[in-house]
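Survey of secondary and tertiary structure
Residues per chain, in single letters:
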Amino acid sequence: PGRTFPVATEYLPPAADEDARFWRYRGTWLDSQQRFEEALAAYERSLRRHPLDWKTHHELAGVARILSRAELAARHADLAQRGKQLEQQILELPNA
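Procedures and definitions
- Residues numbered from 1 in each chain as written.
- Predicted model: local features only at pLDDT ≥ 70, side-chain atom pairs only at ≥ 80, totals over all residues.
- Heavy atoms only, no water.
- Helix = DSSP H or I, 4+ residues; strand = E, 2+ residues; numbered from the N terminus.
- Buried < 20%, exposed > 50% of the residue type's maximum accessible area, 1.4 Å probe, protein only.
- Contact = heavy atoms within 4.5 Å.
- Areas by Shrake-Rupley, 256 points an atom, 1.4 Å probe, with all protein chains shown as cover.
- Core = buried A, V, L, I, M, F, W, Y, C linked by side-chain atoms within 4.5 Å.
- Expected span 1.5 Å × (residues − 1).
- Polar contact = N/O pair within 3.5 Å; in protein donor to acceptor, adjacent residues only side chain to side chain.

1. A closer look at the overall build of the protein chain
Of the regular secondary structure elements, the protein chain holds five helices and zero strands. Walking the protein chain from its N terminus toward its C terminus, one meets helices and strands in the order α-α-α-α-α. For the protein chain, buried positions account for 29% of its 96 residues. Looking at the protein chain alone, contacts between residues at least 24 apart form 37% of all its contacts between residues at least 6 apart. As displayed, the protein chain offers around 6,700 Å² of accessible surface, 54% of which is attributable to carbon and sulfur atoms.

2. What about the nonpolar core?
By size, the foremost hydrophobic cluster in this structure holds 16 residues, and its most contacted members are Leu30, Ala39, Leu40, Tyr43, Leu60, Val63 and Leu72. Of all the secondary structure elements, the ones that give two or more residues to this core are helix H2 (20–32), helix H3 (36–49), helix H4 (54–66) and helix H5 (70–91). Among the elements that make up this core, the one with the highest residue count is H3 (six residues). Leu30 has contacts with Arg35, Glu38, Ala39 and Ala42, leaving out every residue within four places of it along the chain.

3. With respect to the side chain of Asp53
As for its placement among the helices and strands, Asp53 is situated in the loop between H3 and H4. Contacts of Asp53, omitting those with residues within four sequence positions, involve Arg24 and Leu47.

4. Description of unusual backbone geometry
Of note, the phi angle at Gln34 is positive, near 60°, even though the residue is not glycine. Inspection of the secondary structure assignment puts Gln34 in the loop between H2 and H3. Of the residues examined, Gln34 reaches a relative accessible area of 60% and is grouped as exposed. Despite not being glycine, Ser68 has its phi angle at roughly 60°, a positive value. Following the sequence through the fold, Ser68 ends up in the loop between H4 and H5.

5. Some words on H4
The end-to-end C-alpha distance of H4, which contains 13 residues, comes to 19 Å, matching closely the 18 Å that a straight helix rising 1.5 Å per residue would cover. Of all the residues in H4, the buried ones are Trp54, Thr56, His57, Leu60, Ala61, Val63 and Ala64. Against H2, H3 and H5 lie the buried residues of H4. Where H4 begins, the capping side chain belongs to Asp53, and its oxygen is found 3.2 Å from the backbone nitrogen of Lys55.

Coordinates in, geometry out; function isn't part of it.
Next comes the structure, spelled out in structure tokens:
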């Protein structure tokens, strides 16, 4: 099961490299394998493609905590919380 993600990437189109979701999912997989430095890099790569993705900020904060990078963890945890709240507020708006 640990090799599932790397083998699957062989079949992805080149455009996947520019997809923020690909890098978030890769980060999640790397995190599950306890490859925390690589997970951090994948989350950062995801955020370069979609800087407003609060879910990636949340995941990055968790890995940063594991790596004892308190400032980085706090910054991304704050961004994740603010992004999640903003999304909630937008979803509660009446439809136009």
